Amino acid sequence: ECPAVLRTRAGRHIPAGQSLKPGMTDSRVVLVRKRLAVTGELAGRSLDSSYYDRQLETAVKTFQTRHHLEPDGVIGKATLRAMNITAEERIDQIRVNLERTRWVVNDLPHSNLIVDIAGFMLQYYHNNELVWKSKVMVGKPYHQTPVFRSAITYLVLNPTWTPTPDIVKNETVPSIINDPDYLAKQRMRVLDSSGNEIDPVTIPWRQYYGKVLPYTLRQDPGRDNSLGLIKFLFPNPYHVYLHDTPTKFLFGRTQRAFSHGCIRVQNPLELARLMLANDPGNPTTVRKIDQILASGKTTTVILKQPLPVYLMYLTTNVQDGQVMFKPDLYNRDEGVVAALNAPPSP
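Definitions and limits used
Residues numbered from 1 in each chain as written. Predicted model: local features only at pLDDT ≥ 70, side-chain atom pairs only at ≥ 80, totals over all residues. Heavy atoms only, no water. Helix = DSSP H or I, 4+ residues; strand = E, 2+ residues; numbered from the N terminus. Buried < 20%, exposed > 50% of the residue type's maximum accessible area, 1.4 Å probe, protein only. Contact = heavy atoms within 4.5 Å. Areas by Shrake-Rupley, 256 points an atom, 1.4 Å probe, with all protein chains shown as cover. Lys, Arg positive; Asp, Glu negative; His and termini not counted. Charge placed at Lys NZ, Arg CZ, Asp CG, Glu CD. Core = buried A, V, L, I, M, F, W, Y, C linked by side-chain atoms within 4.5 Å. Salt bridge = Lys/Arg side-chain N within 4 Å of Asp/Glu carboxyl O. pLDDT = per-residue confidence, 0-100. Pairing = 2+ DSSP bridges. Axes fitted to C-alpha atoms, helices over the stretch in contact; angles between N-to-C directions. Parallel < 35°, antiparallel > 145°, perpendicular 65-115°, else oblique. Left-handed = near helix turned anticlockwise from the far one by under 90°.

**Brief notes about the overall build of the protein chain**
Logical step 1: When its secondary structure is counted, the protein chain shows 10 helices and 14 strands.
Logical step 2: Dimensions along the principal axes, computed over C-alpha positions, put the protein chain at roughly 75 × 50 × 50 Å.
Logical step 3: A total of 346 residues make up the protein chain; the buried ones form 43% of that total.
Logical step 4: Residue pairs in contact within the protein chain that sit at least 24 positions apart in sequence constitute 63% of those at least 6 positions apart.
Logical step 5: Taken as a whole, the protein chain presents about 18,400 Å² of accessible surface, with 53% of it coming from carbon and sulfur.
Logical step 6: Positive and negative side-chain charges in the protein chain, numbering 42 and 32 respectively, have mean positions lying 1 Å apart.

Structure (structure tokens):
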């Protein structure tokens with residue numbers, strides 16, 4: 001249907017106000033019913049009731065799931081914002097993502113990893129078949145995960161973690177000043193430029209508040225390491241990679257932008273075992289992986305055949321035959337729309 005017809009059938013803009021919850025009566029509920037009837041989440045009942053009943057709650061949860069929102073049945077600011085997006089804006093969103101897909105679709109190898117940044121998902125394709133997928137966490141809006149393509153060349157089991165100078169300056173040093181036992185609790189060592197370990201008690205930490213620390217901090221391997229038990233490395237200028245995480249509970253969230261830019265994978269050891277099983281001639285078997293992990297020793301595993309990886313930003317895609325919409329986490333759609341609408345260059 002054309003946008004004008006959809007807009008007419010959807011009714012008026014739904015005004016802001018207190019969050020709408022099941023059991024409430026509110027005049028805006030009538031507008032919500034009419035809005036959901038247009039896109040098929042609600043059907044079979046009068047659309048003129050202002051009471052938020054159980055059937056409407058189910059319809060709202062379906063809408064929230066389709067729009068990558070927390071499916072709690074509460075019509076708060078985010079859900080209301082999604083309901084008020086016009087058909088024209090949704091069409092532009094589809095155009096943007098068709099364009100993003102066009103950039104890579106004709107160049108995809110038979111086996112690859114695709115990280116959907118806006119959808120917080122990772123998909124592993126082997127011989128053109130989807131063989132595995134997982135939830136991921138990506139960068140916060142002020143630590144955005146970049147878009148690029150590369151290839152995973154090696155894995156590190158039981159990795160150490162070396163926080164970047166920015167993390168050390170803005171987060172670690174303030175934590176040490178507030179808690180003298182912070183380094184011990186985090187199992188972090190302090191190293192000088194030659195790699196020699198320094199006693200942290202001898203360092204005047206307050207002197208380095210807000211400044212670049214002239215030492216390297218390194219966290220020992222282990223399950224509580226910030227990188228978990230494994231990381232996947234691929235060449236790129238952004239220092240971005242895939243890795244495990246000890247904060248597994250955050251995978252229960254729908255919106256998963258929690259990192260400093262790297263991609264945290266929910267079940268990374270499953271991915272490693274699959275990758276190595278599909279890497280012809282690799283001597284590192286599944287059994288050997290388990291032995292290395294049990295040893296606690298930091299070990300690098302080189303892939304015989306690098307696995308292409310694509311970090312993509314897709315704010316809409318098709319799932320089970322239905323178009324799914326996602327929040328524009330990093331506000332990147334607008335620039336692509338402007339480029340698509342611009343007159344062609346000579």
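**What about the nonpolar core?**
Logical step 1: The biggest cluster of nonpolar side chains holds 58 residues, and the ones touching the most others in it are Ile-152, Trp-205 and Leu-242.
Logical step 2: Setting aside anything within four residues of it in sequence, one finds Trp-205 in contact with Val-173, Ile-176, Ile-177, Leu-183, Val-190, Pro-200, Leu-213 and Leu-217.
Logical step 3: Val-29, Leu-56, Ile-75 and Met-83 belong to the second largest nonpolar core, which has 17 residues in total.

**Observations concerning the pattern of salt bridges**
Logical step 1: Across all of its chains, the model carries 15 salt bridges by this definition.
Logical step 2: One salt bridge connects Glu-99 with Arg-102, and the closest N-O pair in it is separated by 2.6 Å. Of this pair, Glu-99 and Arg-102 both sit in helix H5 (residues 87-105), separated by three residues, roughly a single helical turn.
Logical step 3: Measuring nitrogen to oxygen at the nearest pair gives 2.7 Å for the salt bridge that ties Asp-290 to Arg-273.

**Comments concerning the confidence of the model for the protein chain**
Keep in mind that low pLDDT regions are not for reading the predicted coordinates in detail.
Logical step 1: Averaged over every residue, the pLDDT of the protein chain is 93; residues scoring 70 or more account for 97%.
Logical step 2: This model gives residues 1-10 a pLDDT under 50, and the stretch forms 13 contacts once residues within four places in sequence are excluded.

**Description of the pairing of strand E2 (residues 121-126)**
Logical step 1: Sheet analysis places strand E1 (residues 112-116) next to E2, joined by five bridges and oriented antiparallel. Residue pairing for E2: Asp-116 is matched across the bridge by Met-121.
Logical step 2: Two successive antiparallel strands, E2 and strand E3 (residues 129-139), enclose a turn made up of two residues, where Asn-127 displays a positive phi of approximately 50 degrees.

**Regarding the packing of helix H8 (residues 268-277) against helix H9 (residues 286-295)**
Logical step 1: Packing of H8 against H9 leaves a shortest axis separation of 10 Å and a crossing angle of 140 degrees. As far as their axial angle goes, H9 and H8 are oblique. For H8 against H9, the interelement crossing comes out right-handed. Taking contact as the criterion, the partners of Leu-269, Arg-273 and Leu-276 in H8 are, on H9, Val-286, Ile-289, Asp-290 and Leu-293.

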